[in-house]
Amino acid sequence: MDLLRAIFIGPLAQMIAAPDLLAQTIWEGFVAGVLYSLIALGFVLIFKASGVFNFAQGIMMVFAALTLVGLHEKGVPAWVALILTIAVMYGLALAIERLVLRPLVSQPDIILFMATFGVTYFLIGFGELLFGGNPKSMITKELLLPDGAVDLHILGGKVQLQKLDITAAAIALIMVLSLAWFFQKTRIGRALRAVADDHQAAQSVGISLDQIWVIVWFTAGVVALATGIFWGARSDVSFALQVVALKALPVLILGGLTSVPGAIVGGLIIGVGEKLGEFYWGPLLGGGIESWLAYFIALAFLLVRPQGLFGERIIERI
Amino acid sequence: MFYREAGEYKTTYAADMAIFPIRQDRYGVALILIVAFLVIPAFGNQFFLNTMMIPFLILSLAAIGLNLLTGYTGLLSLGTGAFMGVGAYACYKLETIFPEVNILVWIIASGLVSALIGVLFGLPSLRIKGFYLAVATLAAQFFLQWCFARVPWLVNYNDSGAIEVPTQTLFGLPVTGPTATPATRYLVTLTIAAAMAWIASNIVHGRIGRMWMAVRDMDIAAELIGIRLLRAKLLAFAVSSFYVGVAGAMMVFLWFGAAEPEAFNIDLSFQILFMIIIGGLGSILGAFLGAAVIHLMPIALRAVPAMVGLSIDAARIDQLTLMITGALIIAFLIVEPHGLARLWQTVKQKLRVWPFPY
């Protein structure tokens with residue numbers, strides 16, 4: 001009885017007693033969720049267009065952030081470094097398409113998945129070789145990102161919002177909206193959707209798969225760069241950050257592998273659920289439950305909807 | 001010309017269905033076993049046994065376990081590392097509670113514990129498929145790893161939070177703990193690995209293996225021809241986790257000597273997955289070949305600069321090793337997406353018809 005009380009009544013009473021703390025926790029979860037969504041977005045873009053489950057997305061994020069900081073350390077002005085990094089991401093997309101995807105076209109999914117592991121290893125080694133393995137701090141000031149915090153006096157207490165987090169959320173929103181516009185309205189966006197629908201049909205109306213793949217990998221690279229800047233600003237830029245990418249897996253699965261809105265909603269559910277769980281129920285289990293809670297939340301949703309929240313319905317034929 | 005079936009007459013059904021139907025294959029396997037059991041322990045030095053052969057065999061066994069699940073039954077698992085951990089911690093607990101019982105009994109028993117946990121986490125596989133199933137196994141990976149770190153009962157409440165292997169003897173010789181010689185540990189590892197590989201080979205060539213492959217190729221169709229999916233999938237999870245658990249127990253007791261929860265992290269899961277993809281999904285031989293490539297390639301790459309007389313500092317070598325490993329994985333996949341085992345099949349076919357093209 002005491003146990004049930006501790007699980008169901010205790011945390012709720014805590015939430016009602018200190019609404020400002022609850023709001024703070026939800027905000028933290030929201031910000032983490034936005035960043036998870038951005039990583040998941042990179043996965044979804046590539047999965048939709050090329051059917052590749054790109055494990056290297058996390059490492060692309062770290063690699064992009066590392067290139068940016070590394071170039072700046074070598075004396076390149078911040079904005080030039082940013083543009084150069086975008087150029088590097090384009091080169092990377094080109095190289096991956098030419099050297100990895102094209103020779104492996106029409107292989108089973110798991111083989112392509114495996115190939116992105118090869119890319120991951122290569123990029124870790126390459127990044128460390130160029131810029132060294134030590135953690136670096138993100139150049140937030142030089143990129144004119146705000147620091148400091150906004151204090152909101154609501155709900156009978158104080159809720160602190162980091163300006164950086166607000167910027168991150170705003171940029172994520174702009175990015176998602178512009179991607180949605182890009183997909184719906186532009187010529188290339190339509191071609192992308194056609195490829196996502198059916199490779200052969202798209203080819204038969206004259207869409208070049210190779211070109212489309214370079215474009216999606218490049219887009220995913222730019223998303224990775226934005227994510228890398230904000231994760232890098234919250235902690236250091238090092239290859240340890242790739243653990244965050246593993247967190248994006250439940251987000252992705254929860255939202256459905258092929259859905260952009262799914263990635264966003266999934267990210268927010270996981271982010272907020274994880275922080276609330278850790279804060280209110282974590283102490284019951286001795287803490288640190290953040291490491292696996294996300295997977296169990298995703299699993300619970302999956303048992304009800306095996307294709308994820310927004311995924312395409314799985315139709316099986318014999 | 002020399003390597004072919006022609007002239008070998010099968011007089012019984014059993015002979016026709018043998019795993020190695022060609023005489024030269026049987027000689028080859030016998031030769032490998034003789035070298036492994038007699039020549040290597042007699043002439044191998046400590047470095048060769050400790051860093052190359054023992055890990056190779058243990059990782060091969062884990063890869064066989066994962067291959068039964070992923071390669072034969074088509075269920076993707078990213079929780080191999082954690083199930084190895086279950087085996088290791090179970091073996092440690094059983095060993096410290098009943099120290100008088102033979103260690104081999106506990107290594108096998110820890111496989112059973114791992115099988116039980118595997119079945120538990122295998123339950124969602126009935127509803128969830130493909131990459132979506134990977135998240136269920138990731139849940140197992142992170143939850144179990146958290147348990148290893150946070151449940152003090154598992155490490156007998158010691159302060160370090162790590163498990164340490166006590167010395168145990170077999171026929172009067174120490175096989176585990178710091179006093180055991182590499183040769184003894186190698187022989188014990190080899191015996192278990194060879195026996196379990198033989199059993200696995202028999203399982204997959206028999207009724208159960210065919211059932212699993214039917215489920216892999218299309219589970220609804222398999223259900224329609226009368227295969228009970230619940231049983232088939234859970235059996236695959238159980239047998240696979242058993243193999244992986246035994247490998248985990250051996251990893252700590254016969255290779256590391258001590259282990260922290262971090263030893264069973266997700267990198268280990270991925271490493272085992274690489275082995276079966278590079279080696280060949282759905283092949284016992286592939287598990288060995290993949291383990292050889294993934295485990296021995298970095299060791300070999302590290303040894304190269306010293307051999308050719310280049311002096312490069314250690315960090316640089318690590319970075320280059322990572323890059324080359326990544327590039328080689330991609331190269332292997334491009335050359336033969338079905339793995340090294342398929343390459344071996346092709347070579348065998350060529351040998352069979354030699355000197356004619358077909």
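Definitions and limits used
- Residues numbered from 1 in each chain as written.
- Chains lettered and ligands numbered in written order.
- Predicted model: local features only at pLDDT ≥ 70, side-chain atom pairs only at ≥ 80, totals over all residues.
- Helix = DSSP H or I, 4+ residues; strand = E, 2+ residues; numbered from the N terminus.
- Contact = placed C-beta atoms within 7 Å.
- Rg over C-alpha atoms; globule rule 2.2 N^0.38 Å.
- Buried ≥ 20, exposed ≤ 12 C-beta atoms within 10 Å, placed from the backbone.
- Core = buried A, V, L, I, M, F, W, Y, C linked by C-beta atoms within 7 Å.
- Arc of directions from axis to C-beta.
- Pairing = 2+ DSSP bridges.
- pLDDT = per-residue confidence, 0-100.
- Axes fitted to C-alpha atoms, helices over the stretch in contact; angles between N-to-C directions.
- Parallel < 35°, antiparallel > 145°, perpendicular 65-115°, else oblique.
- Left-handed = near helix turned anticlockwise from the far one by under 90°.
- Nonpolar A, V, L, I, M, F, W, Y, C, P; charged D, E, K, R; others polar.
- Expected span 1.5 Å × (residues − 1).

Caption draft 1: Seen up close, the overall build of chain A. On a plain count of helices and strands, chain A comes out with 12 helices and 2 strands. Taken from N to C terminus, the helices and strands of chain A fall in the order α-α-α-α-α-β-β-α-α-α-α-α-α-α. In chain A, 73% of the contacts between residues at least 6 apart in sequence involve partners at least 24 apart.

Caption draft 2: View of the overall build of chain B. Secondary structure summary: chain B contains 14 helices and 4 strands in total. Computed over its C-alpha atoms, the radius of gyration of chain B comes to 21 Å, within 12% of the 21 Å expected for a compact globule of 358 residues. With the principal axes as the frame, chain B shows a C-alpha extent of 65 × 60 × 45 Å. A total of 358 residues make up chain B; the buried ones form 44% of that total. Across chain B, contacts joining residues at least 24 apart in sequence account for 76% of those joining residues at least 6 apart.

Caption draft 3: Spotlight on the nonpolar core. Residue and element names in this part refer to chain B. Core analysis: the largest hydrophobic core is formed by 205 residues, its most contacted members being Val-135 and Tyr-243. If one sorts the elements of this core by residue count, helix H10 (residues 229-256) sits on top with 17 residues. Those residues in contact with Tyr-243 that lie beyond four places of it in its chain are Leu-61, Ile-64, Gly-65, Leu-68, Met-196 and Ala-200.

Caption draft 4: Just helix H8 (residues 207-217) of chain B, in detail. Residues and elements named next belong to chain B. Turning to H8, its buried residues are Met-211, Trp-212, Val-215 and Arg-216. For H8, the arc enclosing every buried residue in end-on projection is 140°, short of the 170-degree limit, so these residues lie on one face. Among the exposed residues of H8, those oriented more than 90 degrees off its buried face are Arg-207 and Asp-217. Against the buried residues of H8 lie helix H3 (46-72), helix H9 (219-224) and H10.

Caption draft 5: Fine view of the pairing of strand E3 (residues 173-176) of chain B. Pairing of strand E2 (residues 168-170) of chain B with E3(B), which is carried by 3 bridges, proceeds in the antiparallel orientation. Bridge pairing links Gln168(B) to Thr176(B) in E3(B).

Caption draft 6: Fine view of the confidence of the model for chain B. Overall, the prediction assigns chain B a mean pLDDT of 85, with 97% of residues at 70 or greater. Mean pLDDT across the elements of chain B ranges from a minimum in E2(B), with 73, to a maximum in H8(B), with 92.

Caption draft 7: Layout of the packing of helix H2 (residues 23-43) of chain B against helix H7 (residues 182-205) of chain B. Residues and elements named next belong to chain B. Contact pair H2 / H7: the axes reach a minimum separation of 10 Å and the direction vectors enclose 165°. Classified by the angle their axes make, H2 and H7 are roughly antiparallel. Crossing hand, H2 versus H7: right-handed. For the pair formed by H2 and H7, the contact residues are Ala-36, Phe-37 and Pro-41 on the first element and Ala-183, Tyr-186, Leu-187 and Leu-190 on the second. Looking at the contact of H2 with H7, its residues break down into 7 nonpolar, no polar and no charged.

Caption draft 8: Here's a closer look at the interface of chain A and chain B. The interface of chain A with chain B comprises 39 residues on the first partner and 33 residues on the second. For the side of chain A that touches chain B, the leading source of residues is helix H5 (residues 109-131) of chain A, giving 15 residues. Classifying every residue of the side of chain A that touches chain B by side-chain character gives 29 nonpolar, 8 polar and 2 charged.

Caption draft 9: Structural detail: the environment of His295(B). Residues and elements named next belong to chain B. Its location among the elements puts His-295 in helix H12 (residues 284-307). Judged by C-beta crowding, with 20 C-beta atoms within 10 Å, His-295 ranks as buried. Expressed as a C-alpha distance, the spacing of His-295 and Phe-56, which sit 239 residues apart in the sequence, is 6.6 Å. Not counting residues within four places of it along the chain, the set of residues in contact with His-295 comprises Pro-55, Phe-56 and Leu-59.

Caption draft 10: Spotlight on the packing of helix H2 (residues 19-50) of chain A against helix H3 (residues 57-73) of chain A. Residue and element names in this part refer to chain A. Two elements in contact, H2 and H3, have axes separated by 9 Å at closest approach and are oriented at 120°. Classified by the angle their axes make, H2 and H3 are oblique. In this structure, H2 meets H3 at a crossing whose hand is right-handed. Within the contact between the two elements, H2 uses Ile-39, Gly-42 and Phe-43 and H3 uses Gln-57, Gly-58 and Met-61. A per-class count over the contact of H2 with H3 returns 3 nonpolar, 3 polar and no charged.

Caption draft 11: Region of the structure containing H5(A). With 23 residues, H5(A) extends 33 Å from end C-alpha to end C-alpha; this agrees with the ideal 33 Å at 1.5 Å per step. Looking one or two places after H5(A), you find Gly132(A), whose phi comes out positive at around 80°.

Caption draft 12: Spotlight on the environment of Ile207(A). Residues and elements named next belong to chain A. The residue Ile-207 is located in the loop between helix H8 (199-204) and helix H9 (209-234) in this model. Classification of Ile-207 as partly exposed rests on a count of 17 C-beta atoms within 10 Å. In contact with Ile-207, not counting residues within four places along its chain, are Ala-191, Ala-194, Val-195, Ala-202 and Ile-212.

Caption draft 13: Looking closely at the environment of Gln46(B). Turning to its location among the elements, Gln46(B) is positioned in helix H3. For the pair formed by Gln46(B) and Leu235(B), sequence separation is 189 residues and the distance between their alpha carbons is 39 Å.

Caption draft 14: Representation of the confidence of the model for chain A within the structure. With 88% of its residues at a pLDDT of 70 or more, chain A has an overall mean of 80. No element of chain A has a lower mean pLDDT than strand E1 (residues 149-154) of chain A, at 68, and none a higher one than helix H4 (residues 78-101) of chain A, at 89.

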